[in-house]
Amino acid sequence: MKLTAQSLSLLIALFAPLCAHSQTDDFSMEQKPVWEAGIGGGYVSSFDYPGSKDPNTAQFTLPFFIYRSEIFRVGDGGVGAVAVEKPRLKVDISFGGALNAESDPGSVREGMPDLDLLFEFGPRLQYRLYEKYSDAQSRIRLDWDSKIRAVVGTDFKGVQARGFVFSTGLAYRQKAIIGDKVDLIVNADITFGDQRYNDNFYTVTSDFATAQRATYKAKPGYVESRVFLGLGLRPTPSLRIFTGVALFSYANSANEASPLFETDTSTQYAVGLAWIPFRSKKLIDVFSTE
């Protein structure tokens, strides 16, 4: 099984919007359990990196755990430390990454080094632009979400800095679009990388040049745009089912001239579920992105 940044972005989009009790004030915080535990599983159909045609699928089943305190969070879309959390504004330190991927025979990266395991960390800002409750169940939210992360890579023999990545976009959530059991999730964002980040995917040094693969030095700049459309279902209070499709555009990428850049678009799919039978009785007010 290979799992890359493309796969992780889909998984986070699916598993971040867990449902909980809510208040009804404009730009309110959410009351959620301090901890939740259960089992999660899913399937992702993706590609190795932006502009790649090398298919990547992943299936997983694992324990599901969320912990929330005023400063430290595990789950709800990642791991992070909260610096500011207000009804309309949240600033935290978030973490992410991508597992390593092999340079498969027959692919444009054949004979090149495998892609390293990547770790990302840095500040994230979420600002609530709009929120409306039409009744006790139905709610519409629109958030602006931006983050900049430092990236480091490792092949388990050493660690190297891999530059910085920046993304910004909008996140739309509509709860209870069909009865009180179906939620709509729409994200649209754009990503940029510095030269070292883009080197990881697009640079071809003279050591790995061939008649079909010319040398190339990656440039900093635009990486991709993404639109994600998902549905969250709540058949029972303890069961969540998520499905979604992400449309990626790499047209006008800063590195579309790279011989490792193969396509202007890709469509990726994911489905997942979480059974969460255990929750703390104690609640905490949080800035919710569901």
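Residues numbered from 1 in each chain as written. Predicted model: local features only at pLDDT ≥ 70, side-chain atom pairs only at ≥ 80, totals over all residues. Heavy atoms only, no water.

Once that is clear, we can look at the nonpolar core. If you look at the biggest cluster of nonpolar residues, it comprises 22 residues, and the most contacted ones within it are Y49, Y197, F201 and Y202. Among the elements of the structure, α2 (195-202), β11 (221-236) and β12 (239-249) are those that each provide at least two residues to this core. (Core = buried A, V, L, I, M, F, W, Y, C linked by side-chain atoms within 4.5 Å. Buried < 20%, exposed > 50% of the residue type's maximum accessible area, 1.4 Å probe, protein only. Helix = DSSP H or I, 4+ residues; strand = E, 2+ residues; numbered from the N terminus.)

Let us now look at unusual backbone geometry. Even without glycine at this site, F156 takes up a positive phi of about 70°. Here F156 falls in the exposed class, since its relative accessible area comes to 65%. A positive phi angle, near 65°, is found at N252, a position not held by glycine. Topologically, N252 is positioned in the loop between β12 and β13 (265-279). Taking relative accessible area as the criterion, N252 reaches 63% and is therefore assigned exposed.

We now examine the pairing of strand β7 (residues 117-133). Of the strand pairs in this sheet, strand β6 (residues 89-98) and β7 are connected by 10 bridges, and their pairing is antiparallel. Residue pairing across strands places L89 opposite Y127, the latter belonging to β7. Direction of pairing for β7 relative to strand β8 (residues 139-154): antiparallel, over a ladder of 14 bridges. Its bridge partner lying in β8, F119 is registered against V152. (Pairing = 2+ DSSP bridges.)

Let us now look at the environment of R68. Tracing the backbone shows R68 in strand β3 (residues 55-68). Sequence spacing of R68 and P33 is 35 residues, and the spatial spacing of their C-alpha atoms is 7.6 Å. Within the structure, the side chain of R68 is placed 2.6 Å from the backbone oxygen of P33, a separation counted as a polar contact. Side chain to side chain, R68 and E36 meet in a polar contact 2.9 Å long. (Polar contact = N/O pair within 3.5 Å; in protein donor to acceptor, adjacent residues only side chain to side chain.)

For the rest of this paragraph, the subject is the packing of aromatic side chains. In this structure the tally under the stated criterion is 8 aromatic pairs. Plain terms: the ring middles of Y197 and F201 are 5.4 Å apart, the flat faces sit at 85° to each other, and that makes the pair edge-to-face. Of this pair, Y197 and F201 both sit in helix α2, 4 residues apart, roughly one helical turn. Neither residue differs from the other here; Y197 and F201 are each classed as buried. Summarising the aromatic geometry, the rings of Y202 and F261 are spaced 6.4 Å apart at their centres and angled 45° between planes, so their arrangement reads as tilted. One end of the pair, Y202, is in helix α2; the other, F261, is in the loop between β12 and β13, with 59 residues separating them in the sequence. Taking relative accessible area as the criterion, Y202 reaches 1% and is therefore assigned buried. What makes F261 buried here is its relative accessible area of 11%. (Phe/Tyr/Trp six-rings, centres within 6.5 Å; stacked < 30°, edge-to-face > 60°.)

These figures come from the coordinates and say nothing about function on their own.
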